[in-house]
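Per-entry structural report
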Amino acid sequence: MTDLRRALSEAVGAAFASADLPAELGRVTASDRPDLADFQCNGALAAAKSARRDPREIGAQVVAQLRENPVFKSVELAGLGFINLRVANGVLSERVREISADERAGGQPAETARRVMIDYGGPNVAKPMHVGHLRSSIIGESLKRIFRFRGDNVLGDAHFGDWGFQMGLLIIAASDENPHWRAVAEELWRTPDGPKPQEEDRFIALLLEGLDLDTLDRLYPSAAAKAKQDEEFRDRARKATAELQAGKPGYLRLWRHFVAVSRKALQREFEALGIEFDLWKGESDADPLIPEMIETLKAKALLVQDQGAQIVRVAREDDKRELPPLLVVSSEGSAMYGTTDLATILDRRRTFDPQLCLYVVDQRQGDHFEQVFRAAYLAGYATDGSLEHLGFGTMNGPDGKPFKTREGGVLKLHDLIESAREKARQRLHEAGLGVELSEVAFEDTAHKVAMAAIKFADLQNFRGASYIFDLDRFTSFEGKTGPYLLYQAVRIKSLLRKAASEGAQPGLAVVEEPAERELALVLDGFDQAVSDAYAKRAPNFIAEHAYRLAQTFSKFYAACPVMGADTPAQRASRLAMAQTALRQLELSLGLLGLEAPERM
Ligand code: ARG
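Here's a quick rundown of the structure. Quick caveat: nothing in here was measured; it's all calculated off a predicted structure. (Residues numbered from 1 in each chain as written. Predicted model: local features only at pLDDT ≥ 70, side-chain atom pairs only at ≥ 80, totals over all residues. Heavy atoms only, no water.)

**Some remarks on the environment of Leu594**
Topologically, Leu594 is positioned in the segment after helix H23 (568-592). On the accessibility criterion, Leu594 (6% relative accessible area) is buried. Those residues in contact with Leu594 that sit more than four places away from it in its chain are Ala452, Lys455, Phe456, Gly482 and Leu589. (Helix = DSSP H or I, 4+ residues; strand = E, 2+ residues; numbered from the N terminus. Buried < 20%, exposed > 50% of the residue type's maximum accessible area, 1.4 Å probe, protein only. Contact = heavy atoms within 4.5 Å.)

**Comments concerning the pattern of salt bridges**
Under the definition given, this model contains 55 salt bridges. Arg517 is the partner of Asp38 in a salt bridge, and the nearest nitrogen-oxygen pair spans 2.8 Å. Taken together, the positions of Asp38 in the loop between strand S1 (28-30) and strand S2 (39-41) and Arg517 in helix H20 (residues 514-524) put the pair 479 residues apart, joining distant regions of the chain. This pair shows no difference in class: Asp38 is buried, exactly as Arg517 is. The salt bridge partner of Arg114 is Asp152, with a shortest N-O separation of 4.0 Å. You can see Arg114 sitting in the loop between helix H4 (89-101) and strand S5 (115-119) and its partner Asp152 sitting in the loop between helix H5 (131-149) and strand S6 (153-157), a full 38 residues away along the chain. Overall, the relative accessible area of 25% leaves Arg114 in the partly exposed class. Using a relative accessible area of 5% as the deciding quantity, one classes Asp152 as buried. The network of salt bridges with shared partners includes Glu187, Arg190, Glu200, Asp201 and Arg253. (Salt bridge = Lys/Arg side-chain N within 4 Å of Asp/Glu carboxyl O.)

**Details of the environment of Ala420**
Along the polypeptide, Ala420 turns up in helix H15 (residues 413-430). With a relative accessible area of 0%, Ala420 lands in the buried category. As a C-alpha pair, Ala420 and Gly13 span 407 residues in sequence and 51 Å in three-dimensional space. Here Ala420 is in contact with Ala450, Ile454 and Leu471, once residues within four sequence places are set aside.

**Observations regarding the environment of Leu92**
Mapped onto the secondary structure, Leu92 falls in helix H4. Here Leu92 falls in the buried class, since its relative accessible area comes to 0%. The sequence separation of Leu92 and Val71 amounts to 21 residues, and the corresponding C-alpha distance is 9.4 Å. Ignoring any residue separated from it by four or fewer positions in sequence, one finds Leu92 in contact with Leu4, Val87, Val511, Arg517, Ala520 and Leu521.

**Considering the pairing of S6**
With respect to burial, S6 is a largely interior element, four of its five residues being buried. As paired elements, S5 and S6 share five bridges and run parallel to each other. Within S6, the position partnered with Val116 by the bridge is Val154. Taken together, S5, H5 and S6 form a β-α-β motif whose crossover is right-handed. (Pairing = 2+ DSSP bridges. Right-handed = clockwise from strand over helix to strand, strands pointing away.)

**Here we look at the sheet that holds S1**
Each strand in a sheet pairs with its neighbour through backbone hydrogen bonds, running either in the same direction (parallel) or in the opposite one (antiparallel). Across the sheet, four strands lie side by side as S1-S2-S4-S3; this open sheet has antiparallel pairing. Among the strands making up the open sheet, the edge pair consists of S1 and strand S3 (72-78). Across this sheet, the average inter-strand angle for adjacent strands is 25°, counted without regard to direction. Across three bridges, S1 lies against S2 in antiparallel orientation. Note that in S2 the partner of Ala30 across the bridge is Phe39. (Axes fitted to C-alpha atoms, helices over the stretch in contact; angles between N-to-C directions.)

**Side note on H4**
In a regular helix each residue adds 1.5 Å, so 13 residues correspond to 18 Å; H4 covers 18 Å between its end C-alpha atoms and thus fits that length. Looking at H4, one finds that the buried residues are Leu92, Ser93, Arg95, Val96 and Ile99. One side of H4 holds all its buried residues, which, seen down the axis, span an arc of 165°. Contacts made by the buried residues of H4 are with helix H1 (4-18), strand S4 (82-87), H20 and H23. (Expected span 1.5 Å × (residues − 1). Arc of directions from axis to C-beta.)

**Observations regarding the site of the ligand**
Inspection of the region around the ligand gives Asp119, Gly122, Asn124, His133, His159, Tyr337, Asp341, Tyr359, Val361, Gln365 and Phe369 as its neighbouring residues. A distance of 2.9 Å separates an oxygen atom of the ligand from a polar side-chain atom of His133. Within the side chain of Gln365, one N or O atom sits 2.9 Å away from an oxygen atom of the ligand. When the free accessible area of the ligand is taken as 350 Å², the share hidden by the protein chains comes to 88%. For the shell around the ligand, the per-class residue count stands at four nonpolar, five polar and two charged. (Near = heavy atom within 4 Å. Polar contact = N/O pair within 3.5 Å; in protein donor to acceptor, adjacent residues only side chain to side chain. Areas by Shrake-Rupley, 256 points an atom, 1.4 Å probe, with all protein chains shown as cover. Nonpolar A, V, L, I, M, F, W, Y, C, P; charged D, E, K, R; others polar.)

**Some remarks on the side chain of His159**
Among the structural elements, His159 can be located in the loop between S6 and helix H6 (165-177). For His159, a relative accessible area of 7% puts it in the buried group.

**Points about the nonpolar core**
Formed by 162 residues in total, the largest nonpolar core has its most connected members in Ile83 and Phe258. Tallying contributions element by element places helix H17 (residues 439-459) first for this core, with eleven residues. Not counting chain neighbours up to four residues away, the residues in contact with Phe258 comprise Val125, Met167, Leu170, Ile171, Ala174, Leu211 and Leu216. Counting residues in hydrophobic clusters, the runner-up holds 35 residues, among them Leu297, Ile345, Val361 and Val372. (Core = buried A, V, L, I, M, F, W, Y, C linked by side-chain atoms within 4.5 Å.)

**A word on the packing of H6 against helix H9 (residues 213-229)**
Contact geometry for H6 and H9: axes closest at 9 Å, N-to-C directions at 105°. Classified by the angle between their axes, H6 and H9 sit roughly perpendicular to one another. On the side of H6, the interface is formed by Phe165, Gln166, Leu169, Leu170, Ala173, Ala174 and Glu177, while H9 contributes Leu216, Arg218, Leu219, Tyr220, Ala223, Ala224 and Ala227. Here the residues of the contact of H6 with H9 are counted per class, giving eleven nonpolar, one polar and two charged. (Parallel < 35°, antiparallel > 145°, perpendicular 65-115°, else oblique.)

Below, the structure written as structure tokens:
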């Protein structure tokens, strides 16, 4: 099953071929002028250039051929030699039936399936998530769904930040804060009168009581700030990082506790966002591979000593600006952010052997990934070009600078979600739903609306672009917003419910009216949207499609009475179109990570 664009390209290509011109010239695209045509072909202009002929003459020849073809309702030659095409109603009807019978609603799988790894989310131990993690999570989740929909074998990995300098910082900060925690870190319980080995775990659990998420939330920022000013403190934290990585038992004990506490809280947040990782691996999981990796780098003469540290030079002659080397082992002997990233590539190759790995991470980490990727290619850990950094822009405040809270701090993800929920509740109350829905249904709907608002506002932009955070606009039920899309889906659901309650069923789609034709054409465009989103790793193509579909449905619904149709057959046809539109809309929403409620 192919979309109309492809089917028509073949027909127009054949007409070019019969005029002794290359069939590729018959490539058809959606018309720039929907008021004049459904599709257009600019091939006559291109042909004229290379054959030094008059484009209108070539165009006329092709048009004459095409007019014979019953697929077209009209074929016109316009301007300098554009071919404007309108498709016959019967062809559109057929296409709608095809889409409605297809469980993928017309979105085709890719030709060959690949193994794809998506590295996204990237939360860190003890650091609250901020909007950077939100963007990564939203975009990464959507890409994961799009790639899966296209038929790839996809794994999404959270790549938990659990092995860097912040761990050493936390160990020192906790030890300084409380003698019990220090006792764990320094193994002070192992005194002659300490607990017996079988009581050890319980005893340590007692010592760690109170070292909860709030405490970590408080300890980490102040420790990070202190490390910036206090050299001695920083050195202790660096040393602790190296000792942790070398396996000091007390530090590992404390570290495991930090990881467990953080992970539990983070998973709750991801769950609220509707984000599911297939793998929740951490930087630390790559640690066991580091010695072997270092041997390989040495054997390939890639590892260079540099002021006590060990680095890999990744700069290339034709670089426009100098790319610093990748730091593999610090002078304290610890693994760095890039070290675990490189070892993770090796780990992934061993366990999954991805043909493509996408890193959905803030644009500002571009150099880091360039360094890591080049090192990986040099080490032979990945095929050239199989690692891609998909950067994204920032979410800005009204001043156009990265969004800050009123106090000037970074907005915590948790607070952002809460304020979106509050705003969504307010919107639902304004719409009069507060009284109609049970409390549970109301809360569930508010949550879906809030998520749709945040996610759609993010995904409707090309990921590289930055955008301004405006909760008022994002949560509006009108305009290009997530809640608007949910609202349209809900409207169709309620139409179908009403029809069912009156015994009216969807039947054979017959496209006749202009608004029906328009809806059919948009439904046909889904495949293109999915394949663009896939090829460009850009969910905004799906967002755009979902919005067009919702708008076009709305126009159709206004122009073509469904329950008040002229005949039962017409009603059944329109119900079929509504049902197909709903399925495709919900599929599109699903690819974006949005979910429509039953009512709103
Ligand atoms: N934890 C990192 C951060 O918060 C993001 C991790 C991105 N993924 C990666 N493989 N480095 O900035």
